[in-house]
Amino acid sequence: MLQSIHDQAQSWIAWVIVGLLIIPFALWGINSYFDGGASAVVAEVNGTEIDLRDYQRSLQQQRQKMRSLLGKNYRPEMMESPQMRRAVLDAMIENDLLSQTVESDGFRISDGLLFSQIQQIEAFQHDGKFSPTLYEQILSAQGMDKSFFEGGLRSDLMQSQLLTGFRHSSFVTGRELREAVRLQQQKRSLRILTIPATLERLESQQVGDEEIAAQYELNAAAYEIPEQVGLEYIELSVAEIANEIEVDEAELKMLYAERKDGMIADEERDANHILIELAEDADDKATNAAEARMSEVIQKLSAGEVSFEVLAVQYSDDPGSANTGGDLGFFPRGIMDPEFDEVAFSMGVGEVSEPVRTPFGLHLIRLNEIQAEEIRPYEEVRGELSAELKRRAAEDLFFEYAETIANIAYEKPDSLDGAAREAGLAVKQSGLFSRQGATSGVATTPEVVKAAFSGMVLTEGKNSDPIELAEDHMVVVRVRAHLPATRKPLDEVRQQVVAAILEQRARVTAKSSGVELLEKVQGGELSAEAAAERLELQWGEIEKIGRSSHTVAPEVVARAFRINHQADGSVPGQTRYTGTELRGGDYVLIELSAVDDGDLSSMDEREQESLRRELTNQNVKRHYQSYIASLRDQAEVVVFEDQLN
Amino acid sequence: MEFNSTDQEEIEILKKWWKENGTSTVVGVVIGLALLFGWNGWNSYLDSQGIAASQQFEQMQIALIEKDSDRAGRFGGQLIDQYPGTIYAANGALGLAAMKVESGDSVAARVYLQWVMENSDFDSPRQLARLGMARLYLEEGDIESALSHLSSESSVIYASHFSEVKGDALRQKGDSSGAQSAYVEAIQLVDSTDERRALLEMKLAEVAQ
């Protein structure tokens, strides 16, 4: 009996147990059991984690992208700003959201499409053909698992299907096109009345002492000499260190012996030429004429009556060489046109070539001498080698000194002397400068100015941190003199103060009389003409200006296009008039006299098509952006801020 | 042996238990497994439908790029007929509608949009279809039909564009103040980097009081 139960146990009960164990694998995939150790989580998108490692990898990629984009202007701290880091994380979140959405919306990519995409990736190709070995090698070199890579690519393809969907479902109707043109190319005709903010229009130019005192107090900053500092600093640069370095002759010779095989002066050739000018796109007639002229030259030359040089003077169209008999001197490859080089570097000394066609015209070349490529002699390259040795030695010293200076300047923050002595440098001094910086010297660099006015240097009187002016050039600064901002005495600036008061008064007067007249004209109390007469001014006509017109002040254009009008182009009386203040203080009354709508039919077909395409693309972008925004709104996104830095 | 006798007893207990509960246990396990495999089967059916639809969709997009409207129409039609529940059918129908608008046949375009509105379960294409309907009615001068497609509250995803079209319709109807508030709304909802902003401002300036 027992035996039978045991037998049974071994048969179906065992299978049930194994079956139950298999289920989780079947359901969730084996992968989840083998994922590596967990790393910190920076965000969760609908429960899916973005871990620190991936985030840091994205940051690194972004850094590289910025560096190659900005080149010399790249600053490492750009990527350290919280906004930038957040933008990188946001992009990752968006990508996760999209990949979740396309998956759940039922986007699918067939194996066929996936593999044809993989095969098109150039990195996986050998001699223009997809190589499965290369594919696996590259993935494993990147530490990437095949199913991970293919999963990512699948998701990218789904996302691009989503985008294609938006692209192909966007359209623009005829009415929308007409409306866009009607508005964008609308022209408006105006009359304007400019009330200038001039002193002549003031009733009184008397300014009382009290007013002067008040203005002087109120705008104190305008009447002071700004805060200034003077620096003392030590400056370390590779160039200066290199100047001090002596180079050993024996060492130089050794370097030369080592290098000389690589120090080759290219082959150079000396030639004369005669150019018959012929434009690249010349017609048959011009070509025939040039060829006839060239054969004339060849004929005379072969008759042997006239020398090549004389013919060059007579015939050559090359302004640089015609007068010297066509002499070009010695030249290496790559200076002349390739067609010219090809002939000049394959002919023998004393030979005259067949005519050669280049973009300039037809050339006849005579080769005079060949200077074969040769190893450059020691005397010639000694200077270069010595500069290189000096620079190399100086660079080593630079980093050594830079570290010493940084340490000492930090440890003894109250003086630069120690650091200077240790590095054998002199302590230099700058002149006084304000926060605007100086026009010459060390304080022209914004970083130096910023450091000079920083709390640590200015208030606490300490040495600055080392400031890198270039990769091979640094300074450390400290403040030697500090002049706080000082007010200029009232007597000295009195005229300035009065001028400012009067200017302000002129503005206010112009505006208030403008606004007053505008109200009367709008209310029908006063005709436009009567208003102008009152101020002894005249309306000026402005015909049909567009939205980006520069013929009138931008404030006037903006205002004129904000006047309401009827669909038939007429303007109702009460809304016809408006006014605006200009930047300089003048006040302008504006009368809208006519509106001419833009007309689609005045555009040719190509322009219409390009506008249609532009509007369609705007729709695609707009729909896509709205869609992403709605995904974000509905998603549950948690960001663990404390993990981000 | 002691062991033997307890063993015997346990076997008896097991046997008794099996007699009482055996059937229901087996049935339970069978139902569980059936559900499990059914669910997996259903998912893999959906996957295969998705993949087939995806391939049709790819073909249709190529035809659209090549401006071969007959072929695009054929692939799109198959998507709608054979895989009506997929996202591809919805996006395909929107694509065919856009193609019809381009060739000037707004009535045919509306048929596709109508299909998406009535048959698709996906919010985004459904809302785009409704927006498209309104724009086409406006094109045909049927302001009331246009407005009726714009009034529903479920236009959340493309709210800015809905408001813009509403402004267009109201302006055409002569309702300046209604148009004004619609345009204001459209501008508020549009992304700050959106290129359409300038045109929206122009539209607003024209109806502003």
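Residues numbered from 1 in each chain as written. Chains lettered and ligands numbered in written order. Predicted model: local features only at pLDDT ≥ 70, side-chain atom pairs only at ≥ 80, totals over all residues. Heavy atoms only, no water.

(A) Structural view of the overall build of chain A. Helix and strand counts for chain A come out as 22 helices and 21 strands. Intrachain contacts of chain A at a sequence separation of at least 6 include 70% that bridge at least 24 residues. Accessible surface computed for chain A: about 37700 Å², of which carbon and sulfur atoms make up 50%. (Helix = DSSP H or I, 4+ residues; strand = E, 2+ residues; numbered from the N terminus. Contact = heavy atoms within 4.5 Å. Areas by Shrake-Rupley, 256 points an atom, 1.4 Å probe, with all protein chains shown as cover.)

(B) Inspection of the sheet that holds strand β14 (residues 428–433) of chain A at higher detail. Residue and element names in this part refer to chain A. Taken in spatial order, the 4 strands make up an open sheet running β14-β7-β16-β15, and their pairing is antiparallel. Strands at the two margins of the open sheet, each flanked by one partner only, are β14 and β15 (467–470). Averaged over all adjacent pairs, the angle separating strand axes in this sheet is 35°, with direction ignored. In the sheet, strand β7 (residues 228–237) pairs with β14 via 4 bridges, with the strands oriented antiparallel. (Pairing = 2+ DSSP bridges. Axes fitted to C-alpha atoms, helices over the stretch in contact; angles between N-to-C directions.)

(C) Structural detail: the side chain of Ser353 of chain A. Structurally, the position occupied by Ser353 of chain A is in the loop between α14 (338–344) and β11 (356–358). In contact with Ser353 of chain A, other than residues within four places in its own chain, are Val343, Met347, His363, Leu364 and Ile365 of chain A.

(D) Layout of the environment of Lys390 of chain A. Within the fold, Lys390 of chain A resides in helix α15 (residues 378–411). With 143 residues separating them along the chain, Lys390 of chain A and Val247 of chain A place their C-alpha atoms 6.9 Å apart.

(E) Spotlight on the side chain of Lys203 of chain B. In this structure, Lys203 of chain B sits in helix α9 (residues 197–207). Look at Lys203 of chain B and you get buried, because its relative accessible area is 7%. Sequence-distant contacts of Lys203 of chain B, defined by excluding residues within four places in its chain, comprise Leu183 of chain A together with Glu164, Asp168 and Tyr183 of chain B. (Buried < 20%, exposed > 50% of the residue type's maximum accessible area, 1.4 Å probe, protein only.)

(F) Inspection of the layout of surface pockets at higher detail. Residue and element names in this part refer to chain A. Empty space within the second largest pocket amounts to approximately 640 Å³. For the second largest pocket, the lining is made up of 21 residues, of which Arg75, Glu77, Glu447, Ile467 and Glu468 are closest to its centre. Broken down by secondary-structure element, the contributors of at least two residues to the lining of the second largest pocket are α17 (446–452), α18 (455–459) and β15. Residues belonging to the lining of the second largest pocket are distributed by class as follows: 10 nonpolar, 3 polar and 8 charged. Both domain 1 (2–171 + 635–643) and domain 3 (228–247 + 384–484) contribute no fewer than three residues apiece to the lining of the second largest pocket. (1 Å grid on protein atoms, 1.4 Å probe; cavity = no way out; pocket = protein on both sides within 12 Å on 5 of 7 lines; lining within 4 Å. Points joined across faces, edges and corners; volume = space filled by probe spheres on them. Nonpolar A, V, L, I, M, F, W, Y, C, P; charged D, E, K, R; others polar. Domains from an automatic or database assignment.)

(G) Quick look at the packing of aromatic side chains. For the structure shown, the criterion picks out 17 aromatic pairs over all chains. Where Phe130 of chain A meets Tyr135 of chain A, the ring centres are 5.8 Å apart and the plane angle is 55°; that geometry is what we call tilted. For Phe130 of chain A, a relative accessible area of 25% translates into the label partly exposed. For Tyr135 of chain A, a relative accessible area of 4% puts it in the buried group. Note that Arg135 of chain B overlies the ring of Phe171 of chain A, its terminal NZ or CZ placed 4.3 Å from the centroid. (Phe/Tyr/Trp six-rings, centres within 6.5 Å; stacked < 30°, edge-to-face > 60°. Lys NZ or Arg CZ within 6 Å of the ring centre and 35° of its normal.)

(H) Summary view of a negative patch on the surface. All names here are of chain A. On the surface, a cluster of negative charge is contributed by Glu280, Asp281, Asp283, Asp284, Glu339 and Glu342. Here Glu339 is to be found in helix α14. Judged by relative accessible area, Glu339 falls into the partly exposed class, the value being 34%. (Patch = residues over 30% accessible without salt bridge, like charges linked within 9 Å, V, L, I, M, F, W, Y side chains within 5 Å. Salt bridge = Lys/Arg side-chain N within 4 Å of Asp/Glu carboxyl O. Lys, Arg positive; Asp, Glu negative; His and termini not counted. Charge placed at Lys NZ, Arg CZ, Asp CG, Glu CD.)

(I) Representation of the interface of chain B and chain A within the structure. Listed per partner, the contact involves 57 residues of chain B and 49 residues of chain A. In total, chain B and chain A occlude about 4700 Å² of area from one another, counting both sides; carbon and sulfur atoms represent 57% of this. Our count for the contact surface shared by chain B and chain A stands at 6 salt bridges. Arg182 of chain A is the partner of Glu206 of chain B in a salt bridge, and the nearest nitrogen-oxygen pair spans 2.8 Å. The interface formed by chain B and chain A holds 22 residue pairs in polar contact (both at pLDDT 80 or more) in total. At the level of elements, α1 (2–65), α3 (87–102), α5 (123–139), α7 (159–173) and α9 of chain B are the ones that each hand at least two residues to the side of chain B that touches chain A. Among the elements that line the side of chain B that touches chain A, the one with the most residues is α1 of chain B, at 18 residues. By residue class, the composition of the side of chain B that touches chain A is 27 nonpolar, 15 polar and 15 charged. (Buried area = accessible area lost by both parts, 1.4 Å probe. Polar contact = N/O pair within 3.5 Å; in protein donor to acceptor, adjacent residues only side chain to side chain.)

(J) Highlighting the pattern of salt bridges. As enumerated under the stated definition, the model contains 50 salt bridges over all chains in all. In this structure, Arg505 of chain A engages Glu211 of chain A in a salt bridge whose closest nitrogen and oxygen atoms are separated by 3.2 Å. You can see Arg505 of chain A sitting in helix α19 (residues 490–522) and its partner Glu211 of chain A sitting in helix α9 (residues 209–218), a full 294 residues away along the chain. Looking at Glu211 of chain A, the relative accessible area reads 35%, which means it is partly exposed. The partner of Glu201 of chain B in a salt bridge is Arg197 of chain B, and the shortest N-O contact between them spans 3.9 Å. Taken together, the residues span about one helical turn, with Glu201 of chain B and Arg197 of chain B both in helix α9 at a distance of 4 residues. On the basis of relative accessibility, which here comes to 38%, the residue Glu201 of chain B falls in the partly exposed class.

(K) Looking closely at unusual backbone geometry. Even without glycine at this site, Asp127 of chain A takes up a positive phi of about 55°. With respect to the secondary-structure elements, Asp127 of chain A resides in the loop between β3 (125–126) and β4 (129–130). Using a relative accessible area of 74% as the deciding quantity, one classes Asp127 of chain A as exposed. Here the phi dihedral of Lys67 of chain B falls at roughly 55°; this positive angle occurs in a residue that is not glycine. One can find Lys67 of chain B in the loop between α1 and α2 (69–82).

(L) Examining helix α4 (residues 106–119) of chain B more closely. Residues and elements named next belong to chain B. Look at α4: 20 Å from first C-alpha to last across 14 residues, which is about the 20 Å you get at 1.5 Å a residue. Considered for burial, the residues of α4 that qualify are Ser106, Ala108, Ala109, Arg110, Leu113, Trp115 and Val116. Where α4 is buried, its residues touch α2, α3 and α5. (Expected span 1.5 Å × (residues − 1).)

(M) Local environment of the pairing of strand β16 (residues 473–483) of chain A. All names here are of chain A. Pairing geometry for β7 and β16, over 10 bridges, is antiparallel. Its bridge partner being in β16, Glu232 is matched across the sheet by Arg478. Two successive antiparallel strands, β15 and β16, enclose a turn made up of 2 residues.

(N) Spatial organisation of the confidence of the model for chain B. When pLDDT is averaged along chain B, the result is 89; 95% of the residues meet or exceed 70. Complex prediction metrics read pTM 0.64 and ipTM 0.85. (pLDDT = per-residue confidence, 0-100.)

(O) Structural detail: the nonpolar core. Ranked by size, the top nonpolar core spans 92 residues in total, and within it Tyr55, Leu89, Leu162 and Phe166 of chain A carry the most contacts. Ranked by residue count, the leading element in this core is α3 of chain B, at 11 residues. Aside from chain neighbours lying at most four places away, what touches Tyr55 of chain A is Val42, Arg85, Val88, Leu89, Met92 and Leu644 of chain A. Ile234, Ala242, Ala394 and Ala409 of chain A belong to the second-largest nonpolar core, a separate cluster that totals 18 residues. (Core = buried A, V, L, I, M, F, W, Y, C linked by side-chain atoms within 4.5 Å.)

(P) Here's a closer look at the sheet that holds β11 of chain A. Residues and elements named next belong to chain A. Sheet architecture is open: 4 strands sit in the order β10-β9-β12-β11, paired in antiparallel fashion. In this open sheet, the two strands that pair with only one neighbour each are β10 (327–331) and β11. Mean inter-strand twist for the sheet, computed between neighbouring axes without regard to direction, equals 40°. Of the strand pairs in this sheet, strand β9 (residues 268–277) and β10 are connected by 4 bridges, and their pairing is antiparallel. For Ala271, the partnering residue across the bridge sits in β10 and is Gly329. Along the sheet, helix α13 (residues 308–315) contacts β9 and β12 (361–371); its crossing angle with β9, the most-contacted strand, is approximately 40°.

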